[in-house]
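# What the coordinates show
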Amino acid sequence: MKLSEKAEEILEALWIATEEEGENAAHFQTLGVGPGDDGLCELDRLAYIDIRGERVYLRQEGREEAKMTVRRHRLAERLMMDVLDIKGASGDAKACEFEHLLHQGVDTKICTLLNHPTTCPHGKPIPPGKCCLEAQARGEAGVVPLTEVNAGQQGEIAYLSVTDPKKMQKLMSLGVLPGNQLRLARTFPAYVFTVGNSEFAIDEDLAREIFIRKI
Ligand SMILES: [Zn+2]
Ligand SMILES: [Zn+2]
C-alpha cells in the first residue's frame, strides 16, 4: 500500500528523531503536524505509530517503511547532486519531491546506477536496501566520498562532483579521472593523495566532492 506524501514526510522525520537523534518519540512540532493531521491519522490507522498527547512514537510495524522512506530521500539527494548536478536549496527541494516517486523498484535502479552509495551528500547514512546487501555479498564495495576513505587505503575514482569548474578542470588535467587508482596518504591537515605519479593536497570541501569506489 502506498502512503501519501504527507505520511511519508512524517515517517521520515520520525525516523531521524528516534533512530538518529536518540529521542524516544517526536513532538508534533518536530514533525510539523497538528492534532487530526491527515498524514498522522493515516499512519495511526496502519498502526505504524502511537500518538500520546502531542508525542508520536514509531511502532515496530512502521520501522521498515520509515527506514525505506529515509533511504528514498537520501538516494534522491544523491541523484540530484551527483548525477543531475542540482545543488543547494533547489537540490534539497527537488529531492523532497522526487523521493516520493522512487517506488516499486525505481529506488533499486537508482541505487544500482549510483553504485549503492552509503551516505547522502550531507554525510548521513543511507539505509541499505536488498540491492546493496547483494552487491556487498558479491564483493562490490560501494562508492564513498574521499572523506570516508582512511589514510593508507586506495580505491578507484568513480566520479567527480566538483562545484568549482576551474578546480574540476585542474584536477582532471592532472589525471584525477574516473577509473584511475587513487591512494590516500594523509587526511590531516589536508587530504594528500596520489594518482599515478602525481601527488595532490586538497582541503576537506574538495575531498567531499571526489567519489571513490573502495577496493
Ligand atoms: Zn542528506
Ligand atoms: Zn543498493
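Residues numbered from 1 in each chain as written. Chains lettered and ligands numbered in written order. Predicted model: local features only at pLDDT ≥ 70, side-chain atom pairs only at ≥ 80, totals over all residues. Heavy atoms only, no water.

A pair of packed helices can be characterised by two numbers: the angle between their axes and the separation between those axes. Helix α5 (residues 88-98) packs onto helix α4 (residues 60-83) with a crossing angle of 130° between their chain directions and a minimal axis gap of 8 Å. By the criterion of interaxial angle, the relationship of α4 to α5 is oblique. As for the relative orientation of α4 and α5, their crossing is right-handed in sense. Within the contact between the two elements, α4 uses His73, Ala76, Glu77, Leu79, Met80 and Met81 and α5 uses Gly91, Asp92, Lys94, Ala95, Cys96 and Phe98. Broken down by class, the residue content of the contact of α4 with α5 amounts to 7 nonpolar, 2 polar and 3 charged. (Axes fitted to C-alpha atoms, helices over the stretch in contact; angles between N-to-C directions. Helix = DSSP H or I, 4+ residues; strand = E, 2+ residues; numbered from the N terminus. Parallel < 35°, antiparallel > 145°, perpendicular 65-115°, else oblique. Left-handed = near helix turned anticlockwise from the far one by under 90°. Contact = heavy atoms within 4.5 Å. Nonpolar A, V, L, I, M, F, W, Y, C, P; charged D, E, K, R; others polar.)

Each protein donor to the zinc ion (ligand 2) is listed here as Cys111 (SG), His116 (ND1), Cys131 (SG) and Cys132 (SG); together their distances run 2.1 to 2.4 Å. Bound by 4 donor atoms, the zinc ion (ligand 2) shows angles of 96 to 121° at the metal and therefore tetrahedral coordination geometry. Along the chain, the residues that donate to the zinc ion (ligand 2) are spaced as C-x4-H-x14-C-C. Linking His116 in the loop between α6 (106-113) and α7 (130-137) with Cys131 in helix α7, this pair joins segments that are 15 residues apart in sequence. (Donors = N, O, S within 2.8 Å, 3.2 Å for Na, K, Ca; no water. Tetrahedral: all angles 85-135°; square planar, octahedral: opposite > 155°, others 65-115°.)

Quick look at the sheet that holds strand β7 (residues 191-195) now. Spatial strand order, β4-β9-β5-β6-β7-β8: 6 strands in an open sheet with antiparallel pairing. The two strands at the open ends of the sheet, each matched to only one other strand, are β4 (143-145) and β8 (198-202). Here the average twist between neighbouring strands, direction ignored, is 40°. Examined bridge by bridge, β4 and strand β9 (residues 210-214) share 3 bridges and lie antiparallel to one another. Bridging from a neighbouring strand, Val143 pairs with Arg213 of β9. (Pairing = 2+ DSSP bridges.)

Function cannot be read off these values alone, since they describe shape.
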